[in-house]
Amino acid sequence: MKILVTGANGFIGKNLIEELKNRKYSEIYKCDKETTKQELEEYIERCDFIFHLAGVNRPQNEEDFMKGNFGFTSEMLELLKKHNNKAPIVITSSIQAELDNPYGKSKKAGEDLMFSYEKETNAKVMVYRLPNVFGKWCKPNYNSVVATFCHNIARDLPIKVNDPEVTLNLVYIDDVVDELILALEGEVHKKDEFCYVPIVHTIKLGEIANLIYSFKESRKNLLIPNMEEAFTKKLYSTYLSYLPENEFNYPLKMNIDNRGSFTEMFKSGERGQVSVNISKPGIVKGNHWHNTKNEKFVVVSGKGKIKFRKVGSYEVIEYNVSGDKIEVVDIPVGYTHSIENVGDTDMVTIMWANELFDPNKPDTYYLEV
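Because the structure is a prediction, the values reported are computed rather than measured.

Conventions used here
Residues numbered from 1 in each chain as written. Predicted model: local features only at pLDDT ≥ 70, side-chain atom pairs only at ≥ 80, totals over all residues. Heavy atoms only, no water. Buried < 20%, exposed > 50% of the residue type's maximum accessible area, 1.4 Å probe, protein only. Helix = DSSP H or I, 4+ residues; strand = E, 2+ residues; numbered from the N terminus. Pairing = 2+ DSSP bridges. Core = buried A, V, L, I, M, F, W, Y, C linked by side-chain atoms within 4.5 Å. Contact = heavy atoms within 4.5 Å. Axes fitted to C-alpha atoms, helices over the stretch in contact; angles between N-to-C directions. Right-handed = clockwise from strand over helix to strand, strands pointing away. Parallel < 35°, antiparallel > 145°, perpendicular 65-115°, else oblique. Left-handed = near helix turned anticlockwise from the far one by under 90°. Nonpolar A, V, L, I, M, F, W, Y, C, P; charged D, E, K, R; others polar.

> So what exactly am I meant to see when it comes to the pairing of strand E20 (residues 347-353) here?
Where a strand is regular, its side chains alternate between the two sheet faces. In terms of residue burial, E20 counts as a mostly covered element, since five of its seven residues are buried. With seven bridges connecting them, strand E13 (residues 272-279) and E20 associate as antiparallel partners. Looking across to E20, one finds that Val 276 is bridged to Ile 350.

Below is the structure:
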């Protein structure tokens, strides 16, 4: 299938094209501002399906709204009629088409033109009135508040929240792309004459800002956002895509002594915390037990021995562990336990605890195994 994508270098266009390639669609005609009229006509003559994503959001002159959002659409439809090509067309419009402003009027004019073309030619037309779209590769300080907030907060730049109680309806770029490809493959979500993306997130502007600030702070407090909330998961992924390229990394506090080191990596109020423990050869750590706190140990490098003894019992249980055979060892409550490096090199252990460490209630009691 030969697919034409207008607005190929735009936010939605880039994401759509990359996902089309991921799904093995190989013949994609990319139309952008640099495409000549001759190239456009060749694309339109050959194509089997059209994603019409091109549009003008912030022109220098108001009249350019109509030129970019209506005029180009008109030109494209005339070429389709000239070559008698009735390829299905998906066009992305905006919820602002309902508003009485220059941008909204131009989008509404483009919609009406598409519906008239559909009646005239019987070609299939699918019009999506999209709310605010967010996700990777969206241009900051342009027309997306999410992109602007992510970009600025990641760089310690100020943001402007005029009214934190303003409610936004947002759709995530991956959900938009999934829906567009469904339309390509013959499935579409439609109500009345308009198509729509079924997954919409409704959230207040102030909440968005607070979430993004918490993402930035997570590099210090190590608290991972609650990914069970779909919007938080998508917003966190979006935020990471706006990190400065020289700041992908961040330091962790290593607690170092003559035995090795212990470093907290990630924390979650719902899922506990993950740490890295490094032990020197011959070193024994632990020799304590817990009432409620439980852990999982995974030795990923070196050789070790984990010992257990139930409190009140004299029987010692041993597990040999090694980075050569990675496995999880559960540390049950009520058992004093230790881990010893029995190899010749440093032993590296990933440790998970089901709760965050609370110095006021450590639930850790010394007892030799």
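Okay, back to it.
> Honestly, the nonpolar core in this entry has me stumped. Any pointers?
Generally speaking, a soluble globular protein has its nonpolar side chains buried in company with each other. Leu 20, Phe 51 and Ile 208 are the most contacted members of the largest nonpolar core, which has 51 residues in total. When residues in this core are grouped by element, the largest group, seven residues, is from helix H6 (residues 173-184). Excluding its chain neighbours within four sequence positions, the residues that come into contact with Phe 51 are Ile 3, Leu 4, Val 5, Thr 6, Leu 16, Leu 20, Val 90, Leu 180 and Leu 184. Membership of the second largest hydrophobic core comes to 23 residues, among which are Ile 50, Ile 89, Phe 115 and Tyr 117.

> In this structure, what is going on with the sheet that holds strand E18 (residues 329-331)? I would like to understand it.
Strand pairing in a sheet is mediated by backbone hydrogen bonds. Such pairs are either parallel or antiparallel. With antiparallel pairing, the six strands of this open sheet are ordered in space as E11-E12-E13-E20-E15-E18. Either end of the sheet is taken by a strand with one partner, and the two such strands are strand E11 (254-257) and E18. Taken over all neighbouring pairs, the strand axes of this sheet differ in orientation by 20° on average, direction set aside. Here E11 runs beside strand E12 (residues 260-268); their pairing, made up of four bridges, is antiparallel. Counted as the bridge partner of Asp 257 is Gly 260 from E12.

> Mind showing me how you'd approach the pairing of strand E1 (residues 3-6) here?
The side-chain alternation of E1 yields two buried faces, one formed by Ile 3 and Val 5 and the other by Leu 4 and Thr 6. Inspection of the sheet shows E1 paired to strand E3 (residues 49-52) by four bridges, in the parallel sense. Looking at the pairing, Ile 3 lines up with Phe 49 of E3. In the sheet, E1 pairs with strand E2 (residues 28-31) via four bridges, with the strands oriented parallel. Note on E2: the bridge partner recorded for Thr 6 is Cys 31. Traced from E1 through helix H1 (residues 11-22) to E2, the parallel crossover comes out right-handed.

> Please clarify how the packing of helix H7 (residues 205-221) against helix H8 (residues 230-240) should be interpreted in this entry.
Interhelical geometry of H7 versus H8 gives an angle of 60° and a closest axis separation of 10 Å. Comparing their axes, H8 and H7 come out oblique. With respect to the hand of their crossing, H7 and H8 are arranged in right-handed fashion. Here Ile 208, Leu 211, Ile 212, Phe 215 and Lys 216 of H7 lie close against H8, whose contacting residues are Phe 231, Thr 232, Leu 235, Tyr 236 and Tyr 239. Residues that form the contact of H7 with H8 fall into these classes: eight nonpolar, one polar and one charged.

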